[in-house]
Amino acid sequence: MNRPPLDRCTDGLPLPPGDDLDSVGPFVIRCVYALPRDGTDRRLGEDGTISRSLSAMQAWFAAQTGARLRFADEPVRTVRLPETDARIADRGSYVRDRIERLSRRQGFHEPRTLYAVWYDGSSTISCGGGAWPPELRGRVAALYLQGAYDDVVCAEDRFSPDGVAPEINEFKMLHEILHTMGFVPPGAPHHTRAGHVGDNHNDLMYAGDPPWNPSVIDPYHQDYFRTGRTDIPDLARSSFLDPLPAGAEPPPVW
Ligand SMILES: [Zn+2]
């Protein structure tokens, strides 16, 4: 697959600090299918689309890293946000922030929880967005399934048909989840464009001018996975991995 890379996905307005210091539970990623107030419910949380996507993400991630991500063992939740598609899209670069604020008001602010949100609404800026702590605090990694910008129509991006082979929507969601976990850190040698690497268009976290063809996670271990460095966050030490690594670290400022 060759497509314009995700870019500008870490623009946003930071949220206040969370309440995780008092929590002792495991870190977990919860899956949410979110609709704007006037959006068409395509039941992606119930028809297996998101569950298959999750399975394909886990299989690919495990093949790359030897670990799985700590997705909650629970059904996909569906939430309707109390604002119209147009009003949310009017936020421009801050659609993700708005989704996070609106969903928090509806109870989606559990401790030690990262929310993977498939938002069935539009954006004129991007097909997705992530937090990027510590610069951009937040707990929501989102895809904008009806986004459209430049020549990109996000609705044309495919989901895994079989829960095994990842398609572009699986790579996009993993990309936004890793942003929300704090990757790529600014201290990484190939860091560029607020949370991306610029040297390899096959990297999951790539952004740049040549098209994105995601197939690997930091294959030379230079930037964010098994770098051997302790001065910058490393995916191999993340508290969101299962099995939990020795010396597991939460994302910055969690
Ligand atoms: Zn990005």
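Residues numbered from 1 in each chain as written. Predicted model: local features only at pLDDT ≥ 70, side-chain atom pairs only at ≥ 80, totals over all residues. Heavy atoms only, no water.

Draft legend 1. Structural context of the coordination of the zinc ion. Protein-derived coordination of the zinc ion comes from Cys9 (SG), His175 (NE2), His179 (NE2) and His196 (NE2), at a distance range of 2.0 to 2.1 Å. The coordination sphere of the zinc ion comprises four donor atoms, whose angles at the metal cover 93 to 122 degrees; the geometry is tetrahedral. Mapped onto the polypeptide sequence, the residues donating to the zinc ion form the spacing pattern C-x165-H-x3-H-x16-H. A residue pair is termed a helical-turn pair when its members lie 3 or 4 positions apart in one helix, as His175 and His179 do in helix H4 (residues 168-180) at four residues. Given the relative accessible area of 0%, His175 is considered buried. Here His179 falls in the buried class, since its relative accessible area comes to 0%. (Donors = N, O, S within 2.8 Å, 3.2 Å for Na, K, Ca; no water. Tetrahedral: all angles 85-135°; square planar, octahedral: opposite > 155°, others 65-115°. Helix = DSSP H or I, 4+ residues; strand = E, 2+ residues; numbered from the N terminus. Buried < 20%, exposed > 50% of the residue type's maximum accessible area, 1.4 Å probe, protein only.)

Draft legend 2. The pattern of salt bridges, seen in detail. Per the stated rule, a full pass over the model turns up 17 salt bridges. As a salt-bridge pair, Arg98 and Glu83 come within 2.8 Å of each other at their nearest N and O atoms. Of the two residues, Arg98 sits in helix H3 (residues 95-105) while Glu83 sits in the loop between strand E3 (77-80) and helix H2 (85-89), which places them 15 residues apart along the sequence. Overall, Arg98 belongs to the buried group, its relative accessible area being 12%. Note that Glu100 and Arg96 form a salt bridge whose closest N and O atoms lie 2.6 Å from each other. Pair noted here: Glu100 and Arg96 are both in helix H3, with a separation of four residues, about one helical turn. Owing to a relative accessible area of 2%, Glu100 belongs among the buried residues under this scheme. Among the residues examined, Arg96 registers a relative accessible area of 2% and is labelled buried. Here the residues in one salt-bridge network are Arg30, Glu74, Arg77 and Glu110, joined through shared partners. (Salt bridge = Lys/Arg side-chain N within 4 Å of Asp/Glu carboxyl O.)

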